[in-house]
Structure formats: C-alpha cells, structure tokens
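Topology and contacts: notes
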Amino acid sequence: MEKMLIEGGRPLKGTVTVSGAKNAALPAIAACLLTGGWHSIKDVPRLKDIQTIKSIMTKMGVIFKEEDGVLRINSDEIKEHVAPYDLVRTMRASILLLGPLVARLGRASISMPGGCAIGARPVDLHLKALAAMGVEMFLDKGYINAKVDNLRGADIFFDIPTVTGTENIMMAAVGAKGKTVLRNSAKEPEVSDLARMLRSMGARIEGDGTDTIVIEGNQDLHPAEGHTLVPDRIESGTFMIASAITGGEIMIDGCRYEHLASVIEKLQAAGARIEKREKGLFVAGPRVIQSVDIETMPFPGFPTDLQAQFMALMCVANGSSIIRETVFENRFIHVSELKRMGADISIHGNQAIVRGRDHLLAAPVMATDLRASASLILAGLEARGGTTEVRRVYHLDRGYEALEKKFQSLGARIWRVPG
Ligand code: EPZ
C-alpha cells in the first residue's frame, strides 16, 4: 500500500486547476443507463471511484471509451442488471445504479451498500421513495432485488435531504409515467448538475437547487452530448484550506464562488484573504489563523466533506473552536490521527473542541477515509520537526486526482512512495 511523505512548513504558492466533481461524475455516468446511444461527458476526474462504477457498468454490458479527455458511454446492450457485492462494498454510491436501472429495465439487483468509516449510511429513503413509485423490492443474500412493471410518478417527501437519494429518485422519475414531486430534496450543486444533464437528454425537470423538484416522466430521451461536469467544490475547498494552513498564496482555477460561500465566510473569519478572480478564487493565508466555530449542514451550509480539513486548520489557530458534525454520526475518525501530531482536540458527542497550538508535529499517521486522509495531508503540510508519513493513501485516490502532483506544483515537499 502506498503512502505519502510530507515535509511541512513551506507556504504554498502558485496556481492549481480543480478537476470535475467526483460527486457529479458518479450520478452522471449512472444516468447514461437511462437510454441507449453514445453519451459523452467532459471533465470526468481520474479517480478510483470512477473506475469502480465503470467496472460495475461494464459487467452489465455498457461500453466506455475515452477520447481526448471526453468519456463516451454506450448502454444500448444492457445484458444484466446486477451490481455485485465485491464492487459495491468498495463504493456505496453504486446505489445510484438502482434508479436508472428500474427506469430502463424495470428491474435491478444491487448489493445493499454496507456502512463505511463515517457512518451506517442507510439507503432506506431511496427504497421508500421507489416503493411509492410502485417498485417491489426484497432483500436476498445482501442484494436489493427490485422489480416494477409500471413505474409511476409519486409525491415524495424525504425525511432527510439525501443527496444520492434525490439523484437516484430523479433518475427513476425520468422513466416513470406521470409527474413526480420531490420535497425536502437535496440542493447540492451536484444535484443541479445531474438535472442539467437529464434536461439535455430531453427530461423535463424543474426546481433543482431548491427543496422541491418536479419531474414530468416518460419523455423521449436521447443521449447526453458533451455534458461538462461542475468543478469539484470539495477539492477546491481543500486547496483553499491548504493555502490558509501554510500561510500561502494560491490561485484556484475553475472553482465557483457560489458553490463555496459558506467555506469562504469561515476562512475569511479565520483571517484568510479571498478574492474572486476571472477564472476562480485567489486565497492568501493569514499570518495568524483565528479560531472559528463551524457546524456542518446540507448545502448551502458548511459541507461535511470539508469538516476534517477545516479541523486541521483549527488545530493551529489562535484560540479554541467548536466543530459540530450534524450530517454523519461518526465523522471524527481523523481526530485520533491529528492528536498523534500534537493536536489538542476533545470530542463531546457530535462536537469536537479544538484548542489551537503554534504548530503540529510531523509523525506517521493512518488515513481511514477519503476526507480524513485529506485532513492529514493538510496537517502534514503545516507540521514541523521532520517528515509526516500518511499511510493507506488509497483512500485519497478515491476522491482526489493526483493530489500530490498538484501540491508539488505549489511548492509542497510531498512524495508518494511504496508502502
Ligand atoms: C453524498 O453522500 C456524498 N456522496 C457524500 O460525499 C457527502 O458527504 C454526502 O452526500 C453529504 O453531503 C456522493 O454524492 C457520492 P446523504 P450520500 O444521503 O448521498 C442519512 C465524499 O466524501 N440518510 O445526503 O450517501 C445519512 O445517513 C462523500 O465525497 C438516511 O438516513 O449522503 C446521512 O446521515 C462522503 N437514509 C444523511 O442522511 C437514506 O436513505 C445525509 O446523507 C439516505 C441518507
């Protein structure tokens, strides 16, 4: 298993371009199951999770071609409708195949995604919504077996604004007879990006980006032509925090202010100088980092996927901060690893109290999940006293494209070495 070696203490300077969003790419690729023909999607990031969903869909009979940075997808021949356990267990977002498969074929067999490091990650809201649309489902040997003869639109209220739940049901609704209304739906930019792609395929969808989305089903669909994914706001936020924690000056090309307003507000409160530029955002880190409280919330609130990274910043802030994680029940796994680097953090239920120190201390640490590994990289970029070693970086490769190369281009002393 590979690991990252990092010599901290250097301010990062320069320009970096963010990749297309992982969490927009996954539903976009799944949506190509809705109709045959050659779809094309641009800015698909080179990530392990993208490989995983491509492997699952290839087994189903879908053809993928990569041509000058454009991903072309053909689902004319869907030979089977099974998403196998050994692949689904490595990527829970495979549940996104369920909606388009029942819309296209009227049946699907998806391994029930297990939990992961950050929580139980149930899919009950996805299944409850599909049942309301007439889908019969039963669990057998760990697989969700779904069947429907007459998929119909429904009026659905999500108890929680689930991101992939909203996306899954939006795709099912496109293939259903009649109208579907999604209430208390997720408002994330990736949901809107999927709606934009589905509209380009002929679907009739309104209200994406708000908490009520209306889909008129049963439209004739044609393949998506050159759908360009939104930039990855979580990667962007990770670089913004990297600039703040190293006292650097980074130009982040491709990111969008409107996707990051909550993060910008908190980083400005911490003392960073952030300027909107033509191609993205310029972020200058503060000389002294001020402590700031955050509470993770569904979009447009502070994203849970940047909580671990922001915590690393607060570990070297002036004063104490309270970090509340309200989205997932176990998203403080990075805390014990940050404490190995000298961080002063105490956990009280879903709140972490971080008491800022002057610096973190280089140490060997273990990545446990995607965003926790990013947090440890940021901590390593700040740490003094030698080389930080971040092990199990395969977690990082699920969601960041060539992160160490991007950091190297900003002057960081970071290397990927065999484990
Ligand atoms: C998406 O996960 C993202 N993944 C996650 O990013 C992100 O952290 C999360 O949204 C929240 O923003 C993708 O888009 C592929 P949810 P998702 O359903 O859809 C509960 C990353 O690092 N819930 O919005 O699985 C759930 O337990 C990943 O890129 C139910 O109870 O998250 C959680 O507490 C990590 N029942 C809350 O809702 C359900 O049926 C929000 O989860 C569904 C969700």
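To start, this report covers the structure provided alongside it. Here the residue numbers are simple positions, counted from 1 along each chain's written sequence. Totals for whole chains, interfaces and linings use every residue, but because this is a predicted model, local features are given only for residues with pLDDT of at least 70 and side-chain atom pairs only at 80 or more, for both listing and counting. Each side-chain value is derived from all of the structure's non-hydrogen atoms; neither hydrogens nor water enter the calculation.

Topic: the site of the ligand
Only a single heavy atom is needed: when it lies within 4 Å of a molecule or strand, its residue is near that molecule or strand. Around the ligand, 22 residues are found, and the nearest of them are D124, T162, T164, D305 and V327. In this structure, D124 approaches the ligand through a side-chain N or O atom, which is 2.7 Å from a nitrogen atom. At 2.6 Å from an oxygen atom of the ligand is found a side-chain nitrogen or oxygen belonging to T164. Look at the ligand: alone it shows 830 Å² of surface, and the protein chains cover 88% of it. Counting from the N terminus, the helices are DSSP H or I runs at least four residues long and the strands are E runs at least two residues long. When residues of the shell around the ligand are traced back to their parent elements, those giving at least two are α1 (22-31), α5 (124-132), α6 (163-174) and α12 (370-382). Ranked by residue count, the leading element in the shell around the ligand is α5, at three residues. A breakdown of the residues in the shell around the ligand according to their chemical character gives ten nonpolar, five polar and seven charged. Any pair of N or O atoms that falls within 3.5 Å is considered a polar contact. Within protein, one atom must be able to donate a hydrogen and the other to accept it, and sequence-neighbouring residues count only if both atoms are side-chain atoms. Under the convention used here, a 1.4 Å probe and the Shrake-Rupley method define accessible areas, while residue burial counts only the protein chains that appear. Residue polarity follows a fixed list, in which Ala, Val, Leu, Ile, Met, Phe, Trp, Tyr, Cys and Pro are nonpolar, Asp, Glu, Lys and Arg are charged, and the others, Gly among them, are polar.

So, the environment of M137
Structurally, M137 is set in strand β8 (residues 136-140). Sequence separation between M137 and S373 is 236 residues, and the spatial gap between their C-alpha atoms is 36 Å.

Topic: the sheet that holds β8
Judged by pairing direction, the sheet is mixed, and its four strands sit side by side in the order β6-β7-β9-β8 without closing on themselves. At either end of the open sheet lies a strand with only one pairing partner, and these are β6 (82-83) and β8. Between any two strands, pairing holds if DSSP finds at least two bridges.

Some remarks on the pattern of salt bridges
Take a side-chain nitrogen of Lys or Arg and a carboxyl oxygen of Asp or Glu: if they are within 4 Å of each other, that pair is a salt bridge. Under the criterion given, the structure shown has 26 salt bridges. The partner of R233 in a salt bridge is E190, and the shortest N-O contact between them spans 2.8 Å. Taken together, the residues R233 in helix α8 (residues 233-246) and E190 in helix α7 (residues 189-200) connect sequence positions 43 residues apart. Note on R233: relative accessible area 10%, which makes it buried. Of the charged contacts, one joins E275 and R273 as a salt bridge, the two residues approaching to 2.6 Å between their closest N and O atoms. Type-normalised accessible area, obtained with a 1.4 Å probe on protein chains alone, sets the label of each residue: buried when under 20%, exposed when over 50%, and partly exposed for intermediate values. With relative accessibility at 26%, the residue E275 sits in the partly exposed group.

Details of the sheet that holds strand β11 (residues 179-183)
With mixed pairing, four strands are arranged side by side in an open sheet as β10-β11-β13-β12. In the strand order of this sheet, the two ends are held by β10 (155-157) and β12 (204-206), each with one partner. Averaged over all neighbouring strand pairs, the angle between strand axes comes to 15°, with direction disregarded. Both β10 and β11 contribute to a ladder of three bridges, which runs parallel. The partner of I156 across the bridge, within β11, is L182. Note on contacts: a residue pair qualifies if any of its non-hydrogen atoms lie within 4.5 Å across the two residues. A fitted line through C-alpha atoms represents every axis, and for helices the fit uses only the stretch in contact; the resulting angles, taken between N-to-C directions, go from 0 to 180 degrees. Against the sheet, α6 touches β10, β11, β12 and β13 (212-216), its axis set at about 25° to β13.

Any functional reading would require information beyond the geometric quantities listed.
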